[in-house]
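Reading the structure
One-letter residues, chain by chain:
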Amino acid sequence: KTGIAIVALIKDSSVQELLPKLFTVIHYARGEVLRIIQAEESIKIIVDEKNVSKVVDMFRKNAVLKIEHNLGELNMKLNPVSAKVPGVLAILDTELANNKVNIVETLSCVPELLWFINQKDLLKAHQTFLGLVEGFR
């Protein structure tokens with residue numbers, strides 16, 4: 001999927017209180033993307049480019065740390081057996097790095113793995129994974 005952006009926000013109570021409202025402005029039925037990642041120091045909101053302003057407008061200006069534009073999402077669904085093999089994610093990430101594909105963000109929701117990379121590298125990433133699969137046949 002192309003046309004993805006990541007909005008990084010500070011992690012504080014005012015931001016956390018507004019997160020549920022995101023579900024009223026992002027429409028899954030229309031195929032819109034909403035992914036939320038919370039870490040120790042920040043919260044990242046992953047949305048379609050067309051919804052960035054809706055997200056940013058919900059929060060106070062100084063709550064927005066950074067916005068990454070022009071990203072693509074690569075979603076891989078693992079076989080249940082391979083999801084239990086140690087090092088699978090390391091192998092996949094290494095293949096991307098060896099092929100000069102920079103990973104902006106990674107998300108795991110096993111059996112799904114999601115990579116967010118620059119749109120210009122999306123085809124190269126896809127071809128990298130196809131080549132890796134072909135190598136195991």
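The text that follows walks through the structure, step by step, so that each part is easy to find.

Parameters at a glance
- Residues numbered from 1 in each chain as written.
- Predicted model: local features only at pLDDT ≥ 70, side-chain atom pairs only at ≥ 80, totals over all residues.
- Heavy atoms only, no water.
- Helix = DSSP H or I, 4+ residues; strand = E, 2+ residues; numbered from the N terminus.
- Buried < 20%, exposed > 50% of the residue type's maximum accessible area, 1.4 Å probe, protein only.
- Contact = heavy atoms within 4.5 Å.
- Core = buried A, V, L, I, M, F, W, Y, C linked by side-chain atoms within 4.5 Å.
- Arc of directions from axis to C-beta.

1. Some points on the side chain of Ser42
Mapped onto the elements of the fold, Ser42 is located in strand β3 (residues 42–48). Owing to a relative accessible area of 19%, Ser42 belongs among the buried residues under this scheme. Apart from the residues lying within four places of it in its own chain, the contact partners of Ser42 are Leu9, Lys11, Ile37 and Leu65.

2. Here we look at the nonpolar core
Grouped together as the largest cluster of nonpolar side chains are 16 residues, with contacts concentrated most on Leu22, Ile45, Val47, Val55 and Phe59. Contributions of two or more residues to this core are made by β1 (4–10), β3 and α3 (52–58). Those residues in contact with Phe59 that lie beyond four places of it in its chain are Leu9, Val15, Leu18, Leu19 and Leu22.

3. What about helix α4 (residues 88–98)?
Taken together, the buried positions of α4 are Val88, Leu92 and Leu96. End-on view of α4: buried residues confined to an arc of 70°, all on one side of the axis.

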